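Examination of the molecular architecture
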Amino acid sequence: MNKTALYNKHVSMGAKMVPFAGFEMPVQYSGLTEEHFAVREKAGLFDVSHMGQFFIEGEGALALLQKVTTNNVANIVDGQAQYSCLPNENGGIVDDLIVYKMADDKYFVVVNASNIDKDWAHISKYNSYGAEMKNVSDEMSLLAIQGPLATQILQKLTDTALSEIPYYHFTIGTVAGVSDVIISNTGYTGSGGFEIYFKNEDAEKLWDTILEAGKEEGLLPCGLGARDTLRLEKGFCLYGNDIDDTTSPMEAGLGWITKLDKDFVSKEIFEQQKAEGVTRKLVGFEMTERGIPRHDYPVVDAEGNVIGKVTSGTSSPMLKNGIGMAYVDLPHNKLGTEIFIQIRNKNIGAKVVKMPFVK
């Protein structure tokens, strides 16, 4: 198993470690619910250094990214980030990712840990543009400080005016004496905050310094367990669960990042899906009866016919109720539609609701 630069730190702090995407990662420290509420109400610190990072540079960088991603990279300016995905040749999703524009000929791309090699091979396959590609995943660490007090805590450690960095924008600055840190107003919790990218050798120093700086605000170290419940409450897709090589962005509610005003892989498939519609859609649902939905549970209608399957599910700490996402056949995707989740061979009531589950 791979280990992040903070592995020893997590073990010494008593984190429960689990295998995730080929890495030994902390799933929780003090407990999932406590960590979840810390992020919603105060702040939490996550080690997400397992994520992959590529630099794509040179004259052909923009052309290459335009070809392999669904969103329009030409629309972002220096210092701006863009959520997007890599479509495969069959209209499925190789991965979802964030593209950071550093300059006209320099981009920084952040991908999911489980897909680093797959994404690298896929992008390389289309690099007929002479773009220079560098995989720096093994050299960089990533911390996410998330929550309503995250800005206040991180501001103690940097001269960069954090409140002047708009959502999905970034800058390069010094944090706790560490220079050349990418400071990004992004995150996967829906509670605001920053993600910071830096060299592995600075990981322990930044982890310790941020935790110390956030003590009086109630900052807690958080694991992947709380990260999952937080993202699900906000309706954020998780690769491998809610999107994968067999799901279309149009089915997944990602039409907003699929820009048909440029040429890219599988564009014709998405044009056809937009014109003719799709047969299933990713929806959010809340349980109307007692039960916790889980990945791969069947979704059925009132007559017991299978109409889909759960992709993500949990008991929401904020709502104290079962919530989830599922692909369902049309027309069962309409808001308010009664559906049933098969939990241990029983059909438990639920209804289709608008996401995010927690505002």
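Note that the structure is a prediction, hence the values are computed from the model and not measured.

Observations regarding the overall build of the protein
When you go through the protein residue by residue, the secondary structure sums to eight helices and 20 strands. Expected size for 359 residues packed as a compact globule is a radius of gyration near 21 Å; at 21 Å, the protein falls within 12% of this value. C-alpha atoms of the protein, sized along the principal axes, occupy 65 × 50 × 40 Å. When the 359 residues of the protein are sorted by exposure, 56% land in the buried category.

Observations regarding empty space enclosed by the protein
All told, the structure shown has one cavity of 30 Å³ or more when counted by the stated rule. Estimated volume of the largest cavity: approximately 30 Å³. Surrounding the largest cavity, Met 25, Pro 26, Phe 46, Asp 47, Val 48, Cys 222, Gly 223, Leu 224 and Arg 227 form its lining. Those elements that provide at least two residues to the lining of the largest cavity are β3 (23-28), β4 (44-47) and α7 (224-233). Residue composition of the lining of the largest cavity, by class: six nonpolar, one polar and two charged.

Here we look at the layout of surface pockets
A probe matching the size of a water molecule, rolled over the atoms, marks out where space remains unfilled. Roughly 250 Å³ of volume is contained in the second largest pocket. In this structure, the second largest pocket is lined by 13 residues; those nearest its centre are Phe 55, Met 140, Asp 180, Ile 182 and Lys 199. Going through the elements one at a time, β12 (178-184) and β13 (193-199) are the ones with two or more residues in the lining of the second largest pocket. Looking at the lining of the second largest pocket, the element that brings in the most residues is β12, giving four residues. Broken down by class, the residue content of the lining of the second largest pocket amounts to eight nonpolar, one polar and four charged. Looking at which domains feed residues into the lining of the second largest pocket, each of domain 1 (6-47 + 138-234) and domain 2 (52-135) supplies at least three.

Side note on the sheet that holds strand β19 (residues 338-343)
Remark on secondary structure: sheet strands pair via backbone hydrogen bonds, oriented parallel or antiparallel. The sheet built from six strands closes into a barrel, its strands ordered β15-β18-β17-β16-β19-β20 with antiparallel pairing. Neighbouring strand axes in the sheet, compared pairwise and without regard to direction, differ in orientation by 45° on average. Examined bridge by bridge, β19 and strand β20 (residues 346-353) share six bridges and lie antiparallel to one another. Opposite Ile 341, over in β20, you have Ile 348 as the bridge partner. Relative to the sheet, α7 contacts β17 (306-316) and β18 (321-329), its axis offset from that of β17 by approximately 120°.

Points about the UniProt feature "binding site: substrate" (unreviewed entry) in the protein
UniProt feature "binding site: substrate" (unreviewed entry): in the numbering of this structure it lies at Glu 195. Within the element layout of this structure, Glu 195 appears in strand β13. Note on Glu 195: relative accessible area 7%, which makes it buried. In contact with Glu 195, other than residues within four places in its own chain, are Tyr 100, Leu 142, Leu 143, Ala 144, Gln 146, Ile 182, Ile 183, Ser 184, Thr 186 and Gly 187.

Overview of the pairing of strand β6 (residues 80-87)
In terms of burial, β6 is largely enclosed, as seven of its eight residues are buried. Both β6 and strand β7 (residues 93-103) contribute to a ladder of eight bridges, which runs antiparallel. Across the sheet, residue Tyr 83 finds its bridge partner in β7, namely Ile 98. Linking β6 to β7, which pair antiparallel, is a turn of five residues; within it Gly 91 sits at a positive phi near 85°.

What about the environment of Val 358?
In this structure, Val 358 sits in the segment after β20. Distance in space between the C-alpha atoms of Val 358 and Val 11 is 32 Å, their sequence separation being 347 residues. When near neighbours in sequence (up to four residues on either side) are disregarded, Val 358 contacts Arg 40, Glu 233, Lys 234, Ser 316, Met 318 and Leu 319.

Some remarks on the UniProt feature "domain: Aminomethyltransferase C-terminal" (unreviewed entry) in the protein
UniProt's entry tags residues 280-359 with the feature "domain: Aminomethyltransferase C-terminal" (unreviewed entry), counted in the numbering of this structure. Annotated as residues 280-359, this span is 0% helix and 56% strand, and its ends, taken at the C-alpha atoms, are 25 Å apart.

Conventions and cut-offs
Residues numbered from 1 in each chain as written. Predicted model: local features only at pLDDT ≥ 70, side-chain atom pairs only at ≥ 80, totals over all residues. Heavy atoms only, no water. Helix = DSSP H or I, 4+ residues; strand = E, 2+ residues; numbered from the N terminus. Rg over C-alpha atoms; globule rule 2.2 N^0.38 Å. Buried < 20%, exposed > 50% of the residue type's maximum accessible area, 1.4 Å probe, protein only. 1 Å grid on protein atoms, 1.4 Å probe; cavity = no way out; pocket = protein on both sides within 12 Å on 5 of 7 lines; lining within 4 Å. Points joined across faces, edges and corners; volume = space filled by probe spheres on them. Nonpolar A, V, L, I, M, F, W, Y, C, P; charged D, E, K, R; others polar. Domains from an automatic or database assignment. Pairing = 2+ DSSP bridges. Axes fitted to C-alpha atoms, helices over the stretch in contact; angles between N-to-C directions. Contact = heavy atoms within 4.5 Å. UniProt positions renumbered as here; feature names shortened; annotations may be inferred.

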